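These are the residues of each chain, in order.
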Amino acid sequence: MMFDFVDGSTGDEIAAGLNTSALDQIKLQPRVLENVEGRRLETDLLGETFGLPFGIAPMGMCNLVWPGADAALAAEVQQRGIPLCASSAASTSLEDMAALAGERAWFQLYVGQSREAAFNLVDRAAAAGYRVLVLTVDTPQISRRIRDLKNGFKVPFRMGPRQVLDFALHPHWSLSTLFAGPPMPMNFETAGREFERGESRGGIDWTFLDLLRARWTGRLVVKGVMAADDAVRIRDAGADAVYVSNHGGRQLDSAPPAIQALPQIRTAVGPDFPLLFDSGLRSGEDIVKALALGADFVMLGRPILYAIGAAGAPGLARLIDCIADDIGVAMAQIGRRAIADIDGTVLADPADEPAQTDLEPEVLVPLKKADNR
Ligand code: FNR
């Protein structure tokens, strides 16, 4: 059930599949006889320097994957000097996440039926010392996740025969989770509110963005943007960055692959406006591709939870080591020594490539606009 909660997407899971297959089709151009000694992965974003060009995307209820997942994430980001975006629906309160992850913690905001409750979270985040707020706008209504429906997975959790059987078949997880105490959506618990996963978040609009911008004095990032016009309007409303994402294909099954939107949005917002990206990134080379197509920084979603689910905190550390190593090796192959030097010129011309999947060729056409940075 927990694997499906993480791995699953909306509908027939077409969008999630396209996110990864579209990245697979993008090719990097090998170059030779460039001195690539002393490569550096430090990356500047929003006035800070991070140890790696990626951080950890907001994901709700991480402690469901393995007890202590939130604490493991916090320890890891502290050690690596990378950001961890704590979700509104996290299994640890935002105050506790700030205490665990320090300045590396960002806070992600969902706005449900009560704006007052949302602003209360914003004020709590400010009081807890957060400097970056990420407003997620691509979930006006949570979509139907078929695997969750089949498994009977709900928050708040309800136990039935199917769940009893699932737990009995996974005793290591079940007993560990039982001993640690079943995870709860702690930002809601601490506010005395019940978390309803299906609650509509469709009431916010451009005026809300203006209100939030006026209230939140720290850095404001707007997450879940796929249209160039929306990105420009968000930039003009005073946001500090746009976060290009289709929520990992978890919301609109007919959405285009997120990587396709990235170069279009880069062209629209101009070369200097900060852009973050997620959805479908599975390797160091994927990250290099996203940087080449216009992202300044990327966030990892599911792979982080797969690693924790497979092997706990050591699994997480191992994954981050592998991805960081892979970025360094890829940079050596394409002749780049610094993250800031990765631009559209590192891409092989996609038109020269045979199709690797059955994606229509026009899916790749916008990718050719990449060398605009
Ligand atoms: C998410 N995502 C998400 N996004 C958000 O803004 N707030 C949230 O609470 C969550 N929760 C969440 C839970 C789980 C289990 C997953 C897998 C994802 C979306 C997440 O931030 C990110 O956009 C996607 O995970 C990126 O896609 P990939 O790379 O995981 O395919």
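Residues numbered from 1 in each chain as written. Predicted model: local features only at pLDDT ≥ 70, side-chain atom pairs only at ≥ 80, totals over all residues. Heavy atoms only, no water.

Caption draft 1: Summary view of the site of the ligand. Around the ligand sit 22 residues in total, of which Pro-58, Ser-87, Thr-136, Arg-282 and Arg-302 are the nearest. Between the ligand and the protein, one listed contact pairs an oxygen atom with a side-chain N or O atom of Lys-223 at 3.0 Å. Contact between the ligand and Gly-280: an oxygen atom at 3.1 Å from a main-chain N or O atom of the residue. Split by residue class, the shell around the ligand holds 7 nonpolar, 10 polar and 5 charged. (Near = heavy atom within 4 Å. Polar contact = N/O pair within 3.5 Å; in protein donor to acceptor, adjacent residues only side chain to side chain. Nonpolar A, V, L, I, M, F, W, Y, C, P; charged D, E, K, R; others polar.)

Caption draft 2: Local environment of the packing of helix H11 (residues 228–236) against helix H12 (residues 258–269). One can describe the packing of H11 onto H12 by two numbers: an axis separation of 9 Å at closest approach and a directional angle of 40 degrees. The orientation of H11 with respect to H12, classified from their angle, is oblique. Crossing handedness for the pair H11 and H12: right-handed. Mapping the contact onto sequence places Ala-228, Ala-231, Val-232 and Arg-235 in H11 and Gln-264, Ile-265, Ala-268 and Val-269 in H12. Looking at the contact of H11 with H12 residue by residue, the class counts come to 6 nonpolar, 1 polar and 1 charged. (Axes fitted to C-alpha atoms, helices over the stretch in contact; angles between N-to-C directions. Helix = DSSP H or I, 4+ residues; strand = E, 2+ residues; numbered from the N terminus. Parallel < 35°, antiparallel > 145°, perpendicular 65-115°, else oblique. Left-handed = near helix turned anticlockwise from the far one by under 90°. Contact = heavy atoms within 4.5 Å.)

Caption draft 3: Representation of the packing of helix H5 (residues 115–127) against helix H10 (residues 206–215). Contact geometry of H5 with H10 gives a least axis separation of 11 Å together with a crossing angle of 30 degrees. In this view, H5 runs roughly parallel relative to H10, as classed from their interaxial angle. Once H5 is placed against H10, the crossing between them reads as right-handed. Counting all contacts with H5, which are made through Arg-115, Phe-119, Val-122 and Asp-123, the residues of H10 involved are Phe-208, Leu-211, Leu-212 and Arg-215.

Caption draft 4: Structural context of helix H8 (residues 171–180). Of all the positions in H8, only Trp-173, Ser-174 and Thr-177 are classed as buried. Along H8, the residues classed as buried sweep out an arc of 95 degrees about the axis, all on the same side. Residues of H8 that are exposed and point more than 90 degrees away from the buried face comprise His-172 and Phe-179. Gly-181 sits one or two residues past H8 and shows a positive phi near 95 degrees. (Buried < 20%, exposed > 50% of the residue type's maximum accessible area, 1.4 Å probe, protein only. Arc of directions from axis to C-beta.)

Caption draft 5: Quick look at the confidence of the model for the protein chain. Residue-level pLDDT values for the protein chain average 93, and 94% of them are 70 or greater. Note that pLDDT drops below 50 for residues 351–373; the model gives that stretch 43 contacts with residues more than four away or on any other chain. (pLDDT = per-residue confidence, 0-100.)

Caption draft 6: Here's a closer look at H10. Considered for burial, the residues of H10 that qualify are Phe-208, Leu-209, Leu-212 and Arg-213. Projected onto a plane normal to the axis of H10, the buried residues spread over an arc of 140 degrees and lie on a single side. Buried-residue contacts for H10 involve strand E5 (105–109), H5, strand E6 (132–136), strand E7 (219–225) and H11.

Caption draft 7: A look at the side chain of Ser-88. The residue Ser-88 is located in the loop between strand E4 (84–86) and helix H4 (94–101) in this model. We classify Ser-88 as buried; its relative accessible area is 1%. Among the polar contacts made by the side chain of Ser-88, one reaches the main-chain carbonyl oxygen of Gln-108 at a distance of 2.8 Å. Of note is the side chain of Ser-88, whose polar atom sits 3.0 Å from the backbone nitrogen of Tyr-110. Once residues within four sequence positions are removed from consideration, Ser-88 is found in contact with Phe-107, Gln-108, Leu-109, Tyr-110, Leu-121, Asn-187 and Phe-188.

Caption draft 8: The packing of aromatic side chains, seen in detail. Overall, the coordinates contain 8 aromatic pairs when judged by the stated rule. Centroid distance Phe-5 to Phe-153: 4.9 Å. Interplanar angle 40 degrees. Geometry classified as tilted. Of this pair, Phe-5 sits in helix H1 (residues 2–7) while Phe-153 sits in the loop between helix H6 (146–151) and helix H7 (161–169), placing them 148 residues apart in sequence. Just as Phe-5 is buried, Phe-153 falls in that class too. Pairwise contacts between aromatic rings join Phe-50, Trp-106 and Phe-297 into one cluster. We note Arg-201 situated over the ring of Tyr-110; from NZ or CZ to the ring centre the distance is 3.7 Å. The ring of Phe-5 carries the charged tip of Arg-250 above its face, separated from the ring centre by 5.7 Å. (Phe/Tyr/Trp six-rings, centres within 6.5 Å; stacked < 30°, edge-to-face > 60°. Lys NZ or Arg CZ within 6 Å of the ring centre and 35° of its normal.)

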